[in-house]
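Letter by letter, the chains look like this.
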Amino acid sequence: MAKSSLYVVQFKDVGKEDVALVGGKGANLGEMTRAGFPVPPGFIVTAKKD
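Residues numbered from 1 in each chain as written. Predicted model: local features only at pLDDT ≥ 70, side-chain atom pairs only at ≥ 80, totals over all residues. Heavy atoms only, no water.

(A) Looking closely at the overall build of the protein. A count of helical and extended segments in the protein gives one helix and two strands. N-terminal to C-terminal, the α/β element order of the protein is β-α-β. Expressed as a percentage of the 50 residues in the protein, the buried residues total 26%. A separation of at least 24 residues holds for 44% of the contacts in the protein among residues at least 6 apart in sequence. (Helix = DSSP H or I, 4+ residues; strand = E, 2+ residues; numbered from the N terminus. Buried < 20%, exposed > 50% of the residue type's maximum accessible area, 1.4 Å probe, protein only. Contact = heavy atoms within 4.5 Å.)

Spelled out as structure tokens, the structure:
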């Protein structure tokens, strides 16, 4: 995952390896974005804990 922010990431910056951080839906949206599917632009609020 690219380091957009600790708490907010773009769909394009996450994938299936980030499920623990962004959840299943977030990871799937990232995978679809990377694969070229027409996903509206968006972001994910992460589950990052300090």
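(B) Structural view of the side chain of Asp13. Mapped onto the elements, Asp13 comes out in the loop between β1 (8-10) and α1 (19-35). Side chain to side chain, Asp13 and Lys12 meet in a polar contact 3.3 Å long. (Polar contact = N/O pair within 3.5 Å; in protein donor to acceptor, adjacent residues only side chain to side chain.)

(C) Spotlight on α1. For α1, which comprises 17 residues, the first-to-last C-alpha distance of 17 Å sits more than 12% below the rise-based estimate of 24 Å (1.5 Å per residue). Of all the bends in α1, the largest measures some 80 degrees and sits at Lys25. Val22, Gly26, Ala27 and Gly30 are the residues of α1 that are buried. Its buried side turned inward, α1 meets β1 and β2 (43-45). (Expected span 1.5 Å × (residues − 1). Bend = angle between axes of the 7 residues up to and from the residue.)

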